[in-house]
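An overview of the molecular structure
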Amino acid sequence: FAAIYREKRGHYAVEFTKIGEPPYERKDKTVFKNYLKLTESYISKNPDEWLWSHNRWKFRRGDNEEIIKFS
């Protein structure tokens, strides 16, 4: 996962976070779930740097509610 932070006008910093490591199981969704969690936390910390073309993160989810239901 790559989080890009604006340090000042025209200057950015990138922070890389490992979200998974091979070998991956075919039905295992941990990499995808980790990516979603990191994306949500990045947007919550830096809402001004995110394109708000939709209100996906405007409302808070419950503790047991998932973004995407896996079958």
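Provided above is the structure to which this section pertains.
Everything numeric in this text was worked out from a predicted model, so none of it was measured. (Residues numbered from 1 in each chain as written. Predicted model: local features only at pLDDT ≥ 70, side-chain atom pairs only at ≥ 80, totals over all residues. Heavy atoms only, no water.)

Right, let's talk about the pattern of salt bridges for a bit. Tallied over the full model, the rule gives 1 salt bridge. Note that glutamate 21 is salt-bridged to lysine 18, the shortest N-O span being 3.3 Å. Lysine 18 shares its class with glutamate 21; the two are exposed. (Salt bridge = Lys/Arg side-chain N within 4 Å of Asp/Glu carboxyl O. Buried < 20%, exposed > 50% of the residue type's maximum accessible area, 1.4 Å probe, protein only.)

So, about the packing of aromatic side chains. Aromatic ring pairs: the centre-centre distance and the angle between the two ring planes describe each pair. Here the structure, examined in full by the defined rule, presents 2 aromatic pairs. For the pair phenylalanine 1 and tyrosine 35, a centre-to-centre distance of 5.7 Å together with 65° between the ring planes defines the contact as edge-to-face. Taken together, the positions of phenylalanine 1 in the segment before strand E1 (2-8) and tyrosine 35 in helix H1 (residues 30-45) put the pair 34 residues apart, joining distant regions of the chain. Judged by relative accessible area, which is 40%, tyrosine 35 ranks as partly exposed. Ring plane angle 65° and centroid distance 5.5 Å describe the contact between tyrosine 5 and tyrosine 42, whose orientation is recorded as edge-to-face. Taken together, the residues tyrosine 5 in strand E1 and tyrosine 42 in helix H1 connect sequence positions 37 residues apart. The class for tyrosine 5 is partly exposed, based on a relative accessible area of 25%. In this structure tyrosine 42 comes out as buried when scored by relative accessible area, which is 12%. (Phe/Tyr/Trp six-rings, centres within 6.5 Å; stacked < 30°, edge-to-face > 60°. Helix = DSSP H or I, 4+ residues; strand = E, 2+ residues; numbered from the N terminus.)

Moving on to the pairing of strand E2 (residues 11-16). Taken together, the 6 bridges between E1 and E2 define a ladder with antiparallel strand orientation. Residue alanine 3 lies in a different strand from E2, and its bridge partner there is glutamate 15. Taking the residues that link successive antiparallel strands as the turn, the E1-E2 hairpin has 2 residues, and the phi of glycine 10 there is positive, at about 80°. (Pairing = 2+ DSSP bridges.)

Going from proline 22 to proline 23, the amide bond is cis rather than trans, its omega being 5°. Relative to the assigned elements, proline 23 resides in the loop between E2 and H1.

None of the figures reported here should be taken as evidence of function without further support.
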